[in-house]
Each structure stands twice: as structure tokens, then as C-alpha cells.
Amino acid sequence: MATLSTRRSTAAASTAGRRRGDGRGCGAADNAANVPPDGRSGIRQTYGDRRLRINPNKDHKPDKYDDLKSDFDPAIFSSLERHLPPSMLDVSKEAKIQFMKEILGRYLPEGERARAQKHKEYRQRIMSAYQPLHKQIYNVDATTFFVPSFIEAIKKSTEESFRNIISEPSPGVYTFAMLQPSFCELLLAEVENFEKWVNATKFKTMKPNTMNKYGAVLDDFGLEAMLNNLMEKFICPISRVFFTEVGGSALDSHHGFVVEYGNDKDIELGFHVDDSEVTLNVCLGKEFSGGELFFRGVRCDKHVNSETQPEEILDYSHVPGRAVLHRGRHRHGARPTTSGHRINLLMWCRSSVFREMKRYQKDFSGWCGECQREKKERQRQSVAATKLAFLRSEGGSMI
Ligand SMILES: O=C(O)CCC(=O)C(=O)O
Ligand SMILES: [Fe+2]
């Protein structure tokens, strides 16, 4: 198997630093697991338990950080405060800030800080000059964006309501009708309008990620708040049910973009994993043939190039308006678009809490197919060894 790539966004801040909104992200996590941050400061010695909680404390009312000068959005601090260890919830605001800055600092080391600032300025330059074509798509309006079956399922937000609209052609790949054709058209027209503006003004824009040359980053020209809302209200309810073990209950930032394929665009997309915990991929149109997604099983970093098992093979054909939701670590690629023009909306949804936790784990058998296979093999060998020892001792006692 060819060595697989990990795709990254071309922008700087990829994790905790970009979140806007109400500071709640995905809200409650279900499975408890504590996260030990590697505290390096005096704070660590002053207070007892330094471990973050994966379950946000919903009863705790976080401080307001709007006045805080930091590279991170104040909402991140309010959101993270709910994950602080119980012993830290009532300490001074300054102590909490110091502790949280240390954790967040890991997501934005020195070099990246400058790049994040540049990226912020880049966005400001675009947004001060670009005139949106369809202002109505800059705020989520469920009835014009989504098909009724999707809205109904989200209203109930139970596993059963999701299973009614979702098909799962291979474990961990969920597909469902999501976007109205009229919304797809508006979004396509907005992207086209943005691209026209880019060409007319010769503005040098960033590529959507390290592997796609054609497309646009929606977050860069004003759609970040809308997409954040979409993630919180319409993706989190689903990912909380199907992707809890990879931070699906605690998504708190995203990278939103469109990719374009066709004759004079990208043709195909190589085998890769995404820089996301959960990826939403929705085909917007237009008319095309080819461009199937191929999936080859979920893998952790260590096993990213390990063999595919036959049951992990899936080829999926895109249908306009239909969403595919999968773990970012689900290895995949896109086959050549052989005719026409294909444009897909992508949201790489991330969880800073999950990324923090992952630093302290070695066994990912909760979601990595190869970790699971190795664990089963260890269990099989241990049962076999126990049986053998038992048979030997039985044999011995019969003599
Ligand atoms: O072209 C596609 O549908 C796949 C896109 C994709 O995997 C990605 O952008 O991460
Ligand atoms: Fe991808």
C-alpha cells in the first residue's frame, strides 16, 4: 500500500485557537476520562489534581474572559473552564487563566503564534473588501438549508431518530440526505462569486488544504460563524452519538472549505487521513461522473499505514445534497472525476479536549482497527496459554 498522507489545512491555527460562538461547543461528554496536562508551572505544585475532565461541568458557570488579551478567542477560556479539575473551579480567575494559557499554549507554540496573527490579518483584508452575493447563507436557517427529514431527526436527536435517516454502508461511515438543492445552488454561486472577486482583484488566496489546489476556504470570507453554528447545532448532536470515543461530544473548532474537481481542476485525491476528529463531506453538485470516495478502515498514527482488512473496504458514490460523516482517522481518498464538475463542502471538526487526552494514551482500540486487531490477538494468545497450562496441569495430576 502506498504511504498515506495526513492532510492539514494551509492556515496556521488548526486547533483550539479559532473557535467563536457561545463557548459551549458540543456540550456534555458521556464517557468519563481524565486528562493529565503536563503542568510545568508553580500552579501545578499549588493545587492537587491537575487533570482536565472530559465531561464538562454543566452546573459550573464559567468566568467571562472577554477582556482577556490572548491569541485565543475568549470563548475558548469559558469553554475550557468547564473542563477544569474540580479543585480548580473556585480558584482565582488569574490562576485559572495561567493554568489554561499553559494548556492552550501547546496548541499554538511561538512560531505558530505569528502565523495565526498573519492569518487573522489575511482574513480581515478579505472581509473588508469582498462583497457577499447571498447574505442569507451567512446565518444558519434550518428550513432553507436542510431537508425536512434531517431537521426532524435533529429535533429528536436520539440514536433511533438518526438511524431512521442514516445508512451505514461500512462501520463508521454514515450517509444521509442533508442539504436542500436550492441551498447547494446558493452556496455554489457564493463560491463562484468569491472566485471571480479573487481573479478580478488578483488577491492571493490560501488553498483549502495541503492536497487540494482548487476550491476555497469558506471560513476565510465570512462563513466561519455560520459553519460554527452548523457544527454545534447540527453535527454535534450526531457525532455525540456515533463518535463519542474520538471527541464527538466535545467538538470545538472546525476548518470549513470547498474542493473542486474536473477537467481544469483537481482530478482526484490521494489516500489520506484528515486533520479532524469528525469530517462532514457533502456533495454540492454539479453534474459529474466518477469521484467516488474510497474508505479503508480507521487507524491511529502508529498504524496509519497498516494493511486493510477485507471488511474495511468501501466505495461510495457522491450524490448532491447527501452528506457523509466519518472519523478524520478513517483512511480515504477520492477517485478521478472523469467528466463534469464536482464541488464538495468539507468540514473538518476538531476537539481540543480529545487532542489533549490523546497525548496520554497508547492504546486506541476504542476506534483504531489495527489496535483492536492486536488486542484481540493478545487476548486469543492469553486464552490459549491459559488453556495449555490448564491441560498440562490436568495431565500432570492424572499421572
Ligand atoms: O473529494 C472528496 O469528496 C473527498 C474530500 C476529502 O476527503 C477531504 O477534503 O478531506
Ligand atoms: Fe479527507
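Within every chain, residues take consecutive numbers counted from 1 along the sequence as written. Naming scheme: in the order in which they are written, chains are lettered from A and ligands are numbered from 1. The predicted origin of the model limits local features to residues at a pLDDT of at least 70 and limits the giving and counting of side-chain atom pairs to 80 or more, whereas totals for whole chains, interfaces and linings rest on all residues. With hydrogens and water set aside, each side-chain value is computed from the structure's full complement of heavy atoms.

As recorded by an unreviewed UniProt entry, the protein chain carries the name Fe2OG dioxygenase domain-containing protein and is attributed to Asparagus officinalis. UniProt positions are given in the numbering used here, feature names are shortened, and annotations may be inferred rather than shown by experiment. We quote the UniProt Cofactor (unreviewed entry) comment for the protein chain here in full: "L-ascorbate".

Caption draft 1: Representation of helix α2 (residues 74-81) within the structure. With respect to burial, α2 is a largely interior element, seven of its eight residues being buried. Relative accessible area decides the class of each residue, using a 1.4 Å probe on protein chains only: under 20% of the type maximum gives buried, over 50% gives exposed, and in between gives partly exposed. Strands here are runs of E lasting at least two residues and helices are runs of H or I lasting at least four, both read from the DSSP assignment and numbered beginning at the N terminus. Taken as a whole, α2 has its buried residues at A75, I76, F77, S78, S79, L80 and E81. For this analysis, residues touch if any pair of their heavy atoms sits within 4.5 Å. Residues of α2 that are buried make contact with β3 (52-53) and α3 (93-105).

Caption draft 2: Spatial organisation of the coordination of the iron ion (ligand 2). With distances of 2.1 to 2.2 Å, the protein atoms coordinating the iron ion (ligand 2) are H272 (NE2), D274 (OD) and H332 (NE2). Each metal's donors are the N, O and S atoms found within 2.8 Å of it, except that Na, K and Ca use a 3.2 Å limit; water is left out, so coordination can look incomplete. Here the donor residues of the iron ion (ligand 2) are spaced in sequence according to H-x1-D-x57-H. Here H272 and D274 have matching classes, each one buried.

Caption draft 3: The arrangement of the sheet that holds strand β14 (residues 330-334) in detail. The pairing criterion is simple: DSSP has to find at least two bridges between the two strands. Taking strand neighbours across the sheet as the criterion, the five strands line up as β1-β8-β14-β11-β12 in an open arrangement whose pairing is mixed. The sheet is open, and its two edges are formed by β1 (5-6) and β12 (313-316), each paired on a single side.

Caption draft 4: Empty space enclosed by the protein, seen in detail. The way it works is a 1 Å grid over only the protein atoms, where trapped points that fit a 1.4 Å probe form a cavity and open points with protein on both sides within 12 Å along at least five of seven lines form a pocket, and then any residue with an atom within 4 Å of a point lines it. Grid points are joined across faces, edges and corners, and a volume is the space filled by probe spheres set on the points. Overall, the coordinates contain two cavities of 30 Å³ or more when judged by the stated rule. Of the volumes computed, that of the largest cavity is approximately 110 Å³. The set of elements that each furnish at least two residues to the lining of the largest cavity consists of β7 (253-262), β8 (269-273), β14 and β15 (337-350). Of all the elements, β15 adds the most residues to the lining of the largest cavity, at four residues. Polar here means any residue other than Ala, Val, Leu, Ile, Met, Phe, Trp, Tyr, Cys and Pro, which are nonpolar, and Asp, Glu, Lys and Arg, which are charged; Gly is therefore polar. Partitioning the lining of the largest cavity into residue classes produces seven nonpolar, six polar and three charged.

Caption draft 5: Representation of the pattern of salt bridges in the model. Whenever a carboxyl oxygen of Asp or Glu lies within 4 Å of a side-chain nitrogen of Lys or Arg, that contact is scored as a salt bridge. Inspection of every chain in the model, using the stated rule, returns 20 salt bridges. One salt bridge connects R327 with E245, and the closest N-O pair in it is separated by 2.6 Å. Of this pair, R327 sits in strand β13 (residues 322-327) while E245 sits in the loop between α9 (224-242) and β7, and the two are 82 residues apart along the sequence. Owing to a relative accessible area of 28%, E245 belongs among the partly exposed residues under this scheme. Several salt bridges converge on common partners, so that one network encompasses D275, E277, R350 and R355.

Caption draft 6: Local environment of helix α8 (residues 181-201). The span you would expect from a helix comes to 1.5 Å times its residue count less one. Here α8 contains 21 residues, and its C-alpha end-to-end distance of 30 Å stays within 8% of the 30 Å for a straight helix at 1.5 Å per residue. Those residues of α8 that sit buried are F183, C184, L187, L188, E190, V191, F194, W197 and V198. Buried residues in α8 make contact with α4 (110-129), α5 (142-145), β6 (215-217), β7, β9 (278-285) and β15. K202 sits one or two positions beyond α8 and adopts a positive phi of about 55°.

Caption draft 7: View of the side chain of D252. Residue position: D252 is located in the loop between α9 and β7. A polar contact is formed between the side chain of D252 and the side chain of S352, at a distance of 2.3 Å. Each polar contact in these results corresponds to two N or O atoms within 3.5 Å; when the atoms are within protein, one needs to be able to donate a hydrogen and the other to accept it, and residues that are neighboring in sequence are counted only if both atoms are side-chain atoms.

Caption draft 8: Structural detail: the environment of F150. Within the fold, F150 resides in helix α6 (residues 148-156). Given the relative accessible area of 1%, F150 is considered buried. Spatially, the C-alpha atoms of F150 and F162 are 8.4 Å apart, while their sequence positions differ by twelve residues. Apart from residues no more than four positions distant in its own chain, F150 is found in contact with I165, F176, A177, M178, F234 and I238.

Caption draft 9: A look at unusual backbone geometry. Cis geometry marks the peptide bond from G285 to K286, where omega comes out at -10°. Assignment of secondary structure puts K286 in the loop between β9 and β10 (288-290). Its identity as a non-glycine residue notwithstanding, S157 has a phi of 50°, on the positive side. Position of S157 among the secondary structure elements: in the loop between α6 and α7 (159-165). According to the relative accessible area criterion, S157 is partly exposed, its value standing at 29%. The phi dihedral of K202 is positive, around 55°, even though this residue is not glycine.

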